[in-house]
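In case you want the letters, here they are:
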Amino acid sequence: MVTHKRVQPAPARVDLCAHFGLHHLPFTRELAVADRFRHPQYDELVDDLHQLVVNRLSAAVIAPAGTGKTVLLRCLRDTLPEARFRTHYMKVTDLSKRDFCREMAAALGAKTAGYYGALVRSIQDRCRNLTAAESLHPVLLIDECHDARPDVLSILRVIANFEMDSRLVVSMVLCGQTPLRAMLRRDALEDVSRRLARVATLRLLSRPETRDYIAHRLRLVGAQDDLLDPHAHEAIFEATQGNLRAVDGLTLRTLQLAAAAGAKVVDAQLVTSARAQVWP
């Protein structure tokens, strides 16, 4: 007689939000600018960049991955009223000079067809038209600049040259990871660097700031209490060193493991288990 083993049902998937009583999933990238973590280093830099753009100047922001550079650009964009500025965001990848100009032309609403020289003229004509005919100051927020080739970044000095370099028509905010600093120091990019009124940096969060950041992100989703014990906070900081993106990923996975285990408070052991799953 053939016997059949009873198949055990798979354990029910535990809903993290239901388990902790949260409105929605925490620590995701879907974060409104108004809900960002308010911190002097971010707020002061946004104010500084805003003033530079108002004065039709350009700048660069250089910081490690995961420190909030793109959120910073979003904040800056929101401070520039549409009645006075035409702000365009573009992300740099490993593009040729022509393709980079096409991306910039598309962002500005200029013609995207033609050879390199024609594209440069199209971009400059569009900037002139925005300034003269529409009384708008064009602003280019250029992200991931560390991925650009030096010869491509050198185009920016040509794009920004109006009337024999006597007019400030377009503002640019370059944003990238730490290799961008070394790139801007190259002789070939000296003219680009000299057009930057400021080169700013962002640092990682300190231990207390990391705890405040986690508490802030939890409050946004309706957490009534701190869901992590002090040892868990310490473990997260030691693992992430205050890198925002790393904190988000590790804390989210830790909460998922806690919900699956039926734990109402996260401890350091859960953080250790989550770390092994998040990073190799």
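Residues numbered from 1 in each chain as written. Predicted model: local features only at pLDDT ≥ 70, side-chain atom pairs only at ≥ 80, totals over all residues. Heavy atoms only, no water.

Chemist: Describe in detail the overall build of the protein, supporting the description with residues and values.
Modeler: From N to C terminus, the protein includes 13 helices and five strands. Against the 2.2 N^0.38 benchmark of 19 Å for 280 residues, the protein shows a C-alpha radius of gyration of 24 Å, more extended than a compact globule. Counting only C-alpha atoms and orienting by the principal axes, one finds that the protein spans roughly 90 × 55 × 35 Å. By residue count, 46% of the 280 residues in the protein fall in the buried class. Sequence-distant contacts in the protein: of pairs separated by 6 or more residues, those separated by 24 or more amount to 75%. With an accessible surface of roughly 14900 Å², the protein has 50% of that area assigned to carbon and sulfur atoms. Charge separation in the protein, taken as the distance between the mean sites of 38 positive and 32 negative side-chain charges, equals 4 Å. (Helix = DSSP H or I, 4+ residues; strand = E, 2+ residues; numbered from the N terminus. Rg over C-alpha atoms; globule rule 2.2 N^0.38 Å. Buried < 20%, exposed > 50% of the residue type's maximum accessible area, 1.4 Å probe, protein only. Contact = heavy atoms within 4.5 Å. Areas by Shrake-Rupley, 256 points an atom, 1.4 Å probe, with all protein chains shown as cover. Lys, Arg positive; Asp, Glu negative; His and termini not counted. Charge placed at Lys NZ, Arg CZ, Asp CG, Glu CD.)

Chemist: Which residues make up the side chain of Gln124, and what are the values?
Modeler: Looking at the secondary structure, you find Gln124 in helix H5 (residues 116-132). At 3.4 Å, the side chain of Gln124 forms a polar contact with the backbone oxygen of Ile159. (Polar contact = N/O pair within 3.5 Å; in protein donor to acceptor, adjacent residues only side chain to side chain.)

Chemist: I'd like a description of empty space enclosed by the protein, backed by residues and values.
Modeler: On inspection of all chains with the given rule, the structure shows one cavity of 30 Å³ or more. The computed volume of the largest cavity comes to approximately 60 Å³. The wall of the largest cavity is formed by Ser58, Leu156, Ala160, Met172, Leu174, Val192, Arg195 and Leu196. Within the lining of the largest cavity, the residues separate by chemical class into six nonpolar, one polar and one charged. (1 Å grid on protein atoms, 1.4 Å probe; cavity = no way out; pocket = protein on both sides within 12 Å on 5 of 7 lines; lining within 4 Å. Points joined across faces, edges and corners; volume = space filled by probe spheres on them. Nonpolar A, V, L, I, M, F, W, Y, C, P; charged D, E, K, R; others polar.)

Chemist: Help me get a handle on the pairing of strand E1 (residues 58-62), residues and values and all.
Modeler: Counting buried positions along E1 gives five out of five residues, so the element sits mostly inside the fold. Here five bridges tie E1 to strand E5 (residues 196-201), and the two strands are oriented parallel to one another. Bridging from a neighbouring strand, Ala60 pairs with Val199 of E5. Sheet analysis places E1 next to strand E4 (residues 171-176), joined by four bridges and oriented parallel. Along E4, the bridge assignment pairs Ala60 with Leu174. (Pairing = 2+ DSSP bridges.)

Chemist: Give a detailed account of the sheet that holds E1, specifying residues and quantitative values.
Modeler: If you walk across this open sheet you meet the five strands as E2-E3-E4-E1-E5, and the pairing is parallel. The strands lining the two open edges of the sheet, one partner per strand, are strand E2 (85-91) and E5. On average, each strand axis in the sheet is inclined to that of its neighbour by 15°, with strand direction left out of account. (Axes fitted to C-alpha atoms, helices over the stretch in contact; angles between N-to-C directions.)

Chemist: Before we move on, can you summarise the pattern of salt bridges with the specific residues and values?
Modeler: Counted by the stated rule, this structure contains 15 salt bridges. Asp48 is the partner of Arg198 in a salt bridge, and the nearest nitrogen-oxygen pair spans 2.1 Å. Of this pair, Arg198 sits in strand E5 while Asp48 is found in helix H2 (residues 40-54), placing the two residues 150 residues apart along the sequence. Since its relative accessible area comes to 32%, Arg198 is described here as partly exposed. When its relative accessible area of 26% is taken as the criterion, Asp48 is described as partly exposed. The salt bridge involving Arg203 is made with Glu209; its shortest N-O contact spans 2.9 Å. Given a relative accessible area of 40%, Arg203 falls into the partly exposed group. Using a relative accessible area of 15% as the deciding quantity, one classes Glu209 as buried. Here the salt bridges do not stand alone but share partners, grouping Arg36, Arg38 and Asp43 into one network. (Salt bridge = Lys/Arg side-chain N within 4 Å of Asp/Glu carboxyl O.)

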